[in-house]
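Breakdown of the fold
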Amino acid sequence: MKPVSSVSFLVLLAVIITVQGSIMYQSPKVLIVTLIRNKEHTLPYFFSYLEDQEYPKDRISLWIRSDYNEDRSIDITKAWLKRVSKKYHSVDFGYRSDAEKRPDEKSSTHWSEDRFADVIRLKQEALDKGRKMWADFVLFLDADVLLANPITIAKLVDLNLPIVAPMLLSDGLYSNFWCGMTTDYYYHRTDEYKEILNYEKTGQFPVPMVHSAVMVNINVAQSLALTFDKKRLPPGHYNGPLDDIIIFAMSANYSSIPMHISNSASYGYILVPLEQGDTLEKDMEQLTNAKVYIINEYGAVKLKEDLKHFVKEVPKDKMDVSKIYMINLERRPERRNKMFNNFDELGLDVEFFPAVDGRQLNDEKLREIGVKFLPGYADPYHKRPMTMGEIGCFLSHYYIWQKMIALNLEEVLILEDDIRFEPYFKRRVAQVLADARRIGGWDLIYFGRKRLQEDDEKWVEGSETLVVAGYSYWTLGYLISLQGARKLLAEQPLQKLVPVDEYIPIMFNNHPNESWVNQFNNRNLVAWSAAPLLLYPTHYTGDDGYISDTEDSVQIDNFNKPQNDTSENSVDKKGDKEQLSSKTLMDSTISRDEHELSVANRKTEL
């Protein structure tokens, strides 16, 4: 038998991998590099999302190093690798567990010269490893990055850029790229940075710095000049700090290799690095924020079964109020589940309150309940009567107010099921509560709302977290006192019904329609608002996944049907009750720090 020649073998191979006349090529080879230190709290999620990347694992090699840990980082990595190693092309895991700190470190968050030197040495070793093993791409991936989008790696490979990073979101304005660099090699903020971060423009953009999740195309000839080692840079060019990401960026600059940031998809999340002296509790809060973002976008947080025992259960409480209710239609279990996933991560003890379903209402039932409509009411924008959904929404809140009185509940937080929580939610609620209780005299505090007046709202005297509420829409979430519930019920609102987000501003006497306002007597509700807001809607009108069970329901039939209001005080809502652009919402929110700008207000449905 003749031996098969190399040419014959290639022909044979081509035949084998031909499917219906199309040649199938294997995916490019990727080396993923991760350095781990004291990441016990992020690793179960980091590994869960890495494992779920929809890229052939037999085309991925893992290069992982870990040292100087004070927690179970090595144990978690070993446990995960024990189960998944065979799926990957190769795994190289090196670690040391003989010391918790370097001699020159003041704390685990202190970046000493020795620590920088170690990181530079390890990253350079990994980059050289990728070159020697003929990898097509090397992905440097930090252990506090959660690649929530399962096609992230495939997308980066498909872009086929020399250096590219997926834009990662976090608290405030922090991300994994720079749009500007100072002459001494440090961060410089530019207008373009915010445009990219806020998805005002999307695509792939050249930038001077990317970090934390960086894919390098090893097949680019100039990539041989890339380095993390200051000594390998061209002589006389660099006089900057001993910093791995800066040195790498400058090596790209000196070699004319462009770096790109990609925001053409929503890729994932990153934690803001801890400063020296920061505690683990701050990182845990950031991780909670990231998980809440993920729940809002994907419905749940991924966590592999064998890694769950490494995650501590979050204890639940009521944030020092009497009760927290979440209003939800029983036929909307997907919203209910999503909300309770949020509550589990935030540690909130919340009771499900079945909403009154507008689909189950009709004229006869409304008569039985005793509902009558406010004479002259018509929706200010649509010029229509109330819908059954709006009536059901009002009744849901109304019954909670009644329950407060029956159970003598002093303070109740009422949440709807289409909300997303701002970062550090519980801590910020505690600040709002402390101010409100110290000052006293309030009946209702908005946690989330749509502000309709352009005039500035006055700060509550003595507070840095509360303003006196102006005319507002939405009942996304609000804190109400027992006295406030009594005031809202005392006017017998079922006898002159309007939507609940019209009724509340009427009752604190800040509503522009005088013909409606004058039909209510004791408009003495004291209403404040958290500033900045603590809650926002999950979706706005027109977003993917937007559903409104109040707007998208039948209107009342011939039962006390109102006439269109032609009063000159009629308000143009400038769109649906549920509609407000992210930009308008941010502009109308009082903020004393640009870092209050949350990922929650960015467009992620691309």
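Being a predicted model, the structure only gives us computed values, none of them experimental.

What counts and what doesn't
- Residues numbered from 1 in each chain as written.
- Predicted model: local features only at pLDDT ≥ 70, side-chain atom pairs only at ≥ 80, totals over all residues.
- Heavy atoms only, no water.
- Pairing = 2+ DSSP bridges.
- Helix = DSSP H or I, 4+ residues; strand = E, 2+ residues; numbered from the N terminus.
- Axes fitted to C-alpha atoms, helices over the stretch in contact; angles between N-to-C directions.
- Contact = heavy atoms within 4.5 Å.
- Buried < 20%, exposed > 50% of the residue type's maximum accessible area, 1.4 Å probe, protein only.
- Right-handed = clockwise from strand over helix to strand, strands pointing away.
- Phe/Tyr/Trp six-rings, centres within 6.5 Å; stacked < 30°, edge-to-face > 60°.
- Polar contact = N/O pair within 3.5 Å; in protein donor to acceptor, adjacent residues only side chain to side chain.
- Salt bridge = Lys/Arg side-chain N within 4 Å of Asp/Glu carboxyl O.
- Parallel < 35°, antiparallel > 145°, perpendicular 65-115°, else oblique.
- Nonpolar A, V, L, I, M, F, W, Y, C, P; charged D, E, K, R; others polar.
- Left-handed = near helix turned anticlockwise from the far one by under 90°.

**Notes on the sheet that holds strand S17 (residues 351-354)**
Pairing between the strands of a sheet is mediated by backbone hydrogen bonds and can be parallel or antiparallel. Strand order in this open sheet of 7 strands is S17-S16-S18-S22-S20-S23-S21, and the pairing throughout is mixed. Each of the sheet's edge strands pairs with one partner strand only, and the pair in question is S17 and strand S21 (466-468). Here the average twist between neighbouring strands, direction ignored, is 35°. In this sheet, strand S23 (residues 527-530) lies alongside strand S20 (residues 444-451) in parallel orientation, the contact comprising 3 bridges. Residue leucine 444 lies in a different strand from S23, and its bridge partner there is alanine 527. Packing against the sheet, helix H12 (residues 425-439) makes contact with strand S18 (411-416), S20, S21, strand S22 (472-481) and S23, and its axis sits at approximately 120° to S20.

**Describing the pairing of strand S3 (residues 30-36)**
For S3, the tally of buried residues reaches 6 of 7 residues, placing the bulk of the element in the interior. Where S3 meets strand S4 (residues 60-66), 7 bridges bridge the pair, whose relative direction is parallel. The residue of S4 that forms the bridge with valine 33 is tryptophan 63. Note on the crossover from S3 through helix H2 (residues 43-51) to S4: the handedness is right-handed. Across 4 bridges, S3 lies against strand S6 (residues 137-141) in parallel orientation. Paired with valine 30 across the strands is phenylalanine 137, a residue of S6.

**Points about the packing of aromatic side chains**
Going through the model one piece at a time under the given rule, you end up with 26 aromatic pairs. Between the aromatic rings of phenylalanine 140 and phenylalanine 228, the centroid separation amounts to 5.1 Å while the plane-to-plane angle is 65°, which identifies the pairing as edge-to-face. Note that phenylalanine 140 is positioned in strand S6 and phenylalanine 228 in the loop between strand S13 (213-217) and helix H7 (244-254), a separation of 88 residues in sequence. Taking the centre distance of 5.9 Å and the plane angle of 80° together, the rings of phenylalanine 394 and tryptophan 401 count as edge-to-face.

**Concerning the pairing of strand S16 (residues 323-328)**
One face of the sheet, then the other: side chains in a regular strand alternate in exactly this way. Counting buried residues in S16 gives 5 out of 6 residues, a clear majority hidden from the surface. Direction of pairing for S16 relative to S18: parallel, over a ladder of 5 bridges. Each residue of the ladder has a partner; that of tyrosine 325, found in S18, is isoleucine 414. For the handedness criterion, the β-α-β arrangement of S16, helix H9 (residues 333-346) and S17 is classed as right-handed.

**Re the side chain of arginine 102**
Here arginine 102 lies in the loop between strand S5 (90-95) and helix H4 (113-132). At 2.9 Å, the side chain of arginine 102 forms a polar contact with the side chain of glutamate 105. At 2.8 Å, the side chain of arginine 102 forms a polar contact with the side chain of aspartate 118.

**Looking at unusual backbone geometry**
It is generally the case that most residues other than glycine have a negative phi and that most peptide bonds are trans. The residue after alanine 531, namely proline 532, is reached through a cis peptide bond having omega 0°. As for its position among the elements, proline 532 is in the loop between S23 and strand S24 (535-537). In this structure, tyrosine 68 takes a positive phi of about 50° despite not being glycine. Checked against the element boundaries, tyrosine 68 lands in the loop between S4 and helix H3 (73-84). Backbone geometry at tryptophan 134 places phi at a positive 60°, although glycine is not the residue there. As for its position among the elements, tryptophan 134 is in the loop between H4 and S6.

**Re the sheet that holds strand S9 (residues 168-169)**
Here we have 3 strands laid out as an open sheet, ordered S7-S15-S9, and mixed in their pairing. Of all strands in the sheet, those with a lone pairing partner are strand S7 (145-146) and S9, marking the two edges. Pairing between S7 and strand S15 (residues 268-270): 2 bridges, direction antiparallel. Residue pairing across strands places valine 145 opposite isoleucine 270, the latter belonging to S15.

**Some words on the pattern of salt bridges**
In the structure shown here, the tally under the stated rule is 45 salt bridges. The salt bridge involving arginine 232 is made with aspartate 128; its shortest N-O contact spans 3.3 Å. Within this pair, whereas arginine 232 is found in the loop between S13 and H7, its partner aspartate 128 is found in helix H4, the two being separated by 104 residues in sequence. In this structure arginine 232 comes out as partly exposed when scored by relative accessible area, which is 46%. Here glutamate 351 ties to lysine 403 by a salt bridge, and the two come within 3.6 Å at their closest N and O atoms. You can see glutamate 351 sitting in strand S17 and its partner lysine 403 sitting in helix H11 (residues 388-407), a full 52 residues away along the chain. Taken together, the salt bridges that share partners define one network made up of Arg37, Asp67, Arg102, Glu105, Asp118 and Arg121.

**As for the packing of helix H8 (residues 280-298) against H9**
Interaxial distance between H8 and H9 falls to 10 Å at its minimum, and their mutual angle equals 175°. Here H8 lies roughly antiparallel to H9, going by the angle between them. Touching Thr288, Lys291, Val292, Ile295 and Asn296 of H8 are Lys338, Asn341, Asn342, Glu345 and Leu346, all from H9. Looking at the contact of H8 with H9, its residues break down into 3 nonpolar, 4 polar and 3 charged.

**As for the packing of H11 against helix H13 (residues 482-490)**
As a packed pair, H11 and H13 sit with axes 9 Å apart at the nearest point and diverge in direction by 125°. Classified by the interaxial angle, the pair formed by H11 and H13 is oblique. Where H11 crosses over H13, the two elements pack in a sense that is left-handed. Note on element contacts: H13 touches H11 through Leu482, Ala485, Arg486, Leu488 and Leu489, opposite Tyr398, Trp401, Gln402, Met404 and Ile405.

**Let's talk about H2**
Most of H2 sits inside the fold, with 9 of its 9 residues counted as buried. Leu43, Pro44, Tyr45, Phe46, Phe47, Ser48, Tyr49, Leu50 and Glu51 are the residues of H2 that are buried. On its buried face, H2 sits against S3, H3, S6, S7, helix H5 (152-159) and H8.

**Concerning the environment of lysine 291**
Following the sequence through the fold, lysine 291 ends up in helix H8. You can call lysine 291 buried: its relative accessible area is 6%. Each C-alpha atom, one on lysine 291 and one on glutamate 345, is 7.3 Å from the other, the two residues being 54 residues apart in sequence. Ignoring anything within four residues of it in the chain, the contact list for lysine 291 reads Tyr45, Val301 and Glu345. Side chain to side chain, lysine 291 and tyrosine 45 meet in a polar contact 3.1 Å long.

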